[in-house]
Amino acid sequence: RLDEWRAVLDRTAAWPAVLRAAVALDAWEELQVLQHAPWLGRLIAASLIRAGGEAAVHLPAINIALRSVPYERRRSRSRDIRLRTVLEGLFHAAGLGLKEHDRLLLARQGLERKLVGRRASSRLPELIDLVLRRPMVSAGMIAEQVGITPHAAIRLAGELELRELTGRGRF
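The model shown is predicted, which means the values in this text are computed figures rather than measured ones.

Q: Just to check I follow, could you spell out the confidence of the model for the protein chain for this structure?
A: With 93% of its residues at a pLDDT of 70 or more, the protein chain shows a mean pLDDT of 85. Mean pLDDT values for the elements of the protein chain range from 79 in helix α4 (residues 62-67) up to 90 in helix α7 (residues 124-133).

Written out as structure tokens, the structure reads:
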């Protein structure tokens, strides 16, 4: 089974990355290369997309893409329908990723409004970058990453009006 799947990869080596990933994923699931690890095929397909230059720094969310299309179409007997379904799912997931990107840009702009009138040496821009990189932070994490004391981290987080998830103000 693995040799058959590798043959599919070899035959599609010159294809565009997204199409190659869709065919490789379909072959992985049809051949049942590793019966107890179907998720591995999705990771390999995402890796093929990234290796092809279509996703520079992350693995595309193929699981989200596949959840966005009906199960019956993913398991159709027709290979054409299965491939079209995977490609439609990837298109849908890419749209969701762009919406998330736009939401994060809007959040950054809102947070950067709080920088007006601040000193040039303020650590608030570093905190904004940290919060956008890691949506859940603690005072200790802020203190370590930004290079300030935990008390100053709590005060700085208060200036951004960050919400405390645990309900305990000292964190």
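Anyway, onward from the coordinates.
Q: What am I meant to see in the packing of helix α2 (residues 17-31) against helix α6 (residues 79-112) here?
A: Relative placement of two packed helices is described by the angle separating their axes and the distance separating the axes. Running from amino to carboxyl end, α2 crosses α6 at an angle of 125 degrees, the nearest separation of the two axes being 10 Å. Regarding the angle of α2 to α6, the classification is oblique. Read as a crossing pair, α2 and α6 show a hand that is right-handed. Every residue of α6 that contacts α2 at V18, L19, A22, V23, L25, D26 and E30 is listed here: R79, R82, L83, V86, L87 and L90. Its residues assigned to classes, the contact of α2 with α6 comprises nine nonpolar, no polar and four charged.

Q: I tried to follow empty space enclosed by the protein on my own but got confused; where do I start?
A: The method is simple in principle: a probe with the dimensions of a water molecule rolls over the atoms, and the space it marks as empty is what remains. This model, assessed by the stated rule, comprises one cavity of 30 Å³ or more. Computed from the structure, the largest cavity encloses a volume of approximately 80 Å³. Along the walls of the largest cavity sit L25, D26, E29, R42, L66, R74, R75, R82 and V86, which together make up its complete lining. When contributions to the lining of the largest cavity are tallied by element, the ones reaching two or more residues are α2 and α6. For the lining of the largest cavity, the element with the highest residue contribution is α2, accounting for three residues. Considering only residue class, the lining of the largest cavity consists of three nonpolar, no polar and six charged.

Q: Please clarify how the packing of helix α8 (residues 139-146) against helix α9 (residues 150-159) should be interpreted in this entry.
A: It is the contact of α8 with α9, at a shortest axis distance of 8 Å, that shows an interaxial angle of 105 degrees. Between α8 and α9, the crossing angle belongs to the class labelled roughly perpendicular. Residues A139, I142 and A143 of α8 form the contact with α9, whose participating residues are P150, A153, I154 and A157. By residue class, the composition of the contact of α8 with α9 is seven nonpolar, no polar and no charged.

What counts as what
Residues numbered from 1 in each chain as written. Predicted model: local features only at pLDDT ≥ 70, side-chain atom pairs only at ≥ 80, totals over all residues. Heavy atoms only, no water. pLDDT = per-residue confidence, 0-100. Helix = DSSP H or I, 4+ residues; strand = E, 2+ residues; numbered from the N terminus. Axes fitted to C-alpha atoms, helices over the stretch in contact; angles between N-to-C directions. Parallel < 35°, antiparallel > 145°, perpendicular 65-115°, else oblique. Left-handed = near helix turned anticlockwise from the far one by under 90°. Contact = heavy atoms within 4.5 Å. Nonpolar A, V, L, I, M, F, W, Y, C, P; charged D, E, K, R; others polar. 1 Å grid on protein atoms, 1.4 Å probe; cavity = no way out; pocket = protein on both sides within 12 Å on 5 of 7 lines; lining within 4 Å. Points joined across faces, edges and corners; volume = space filled by probe spheres on them.

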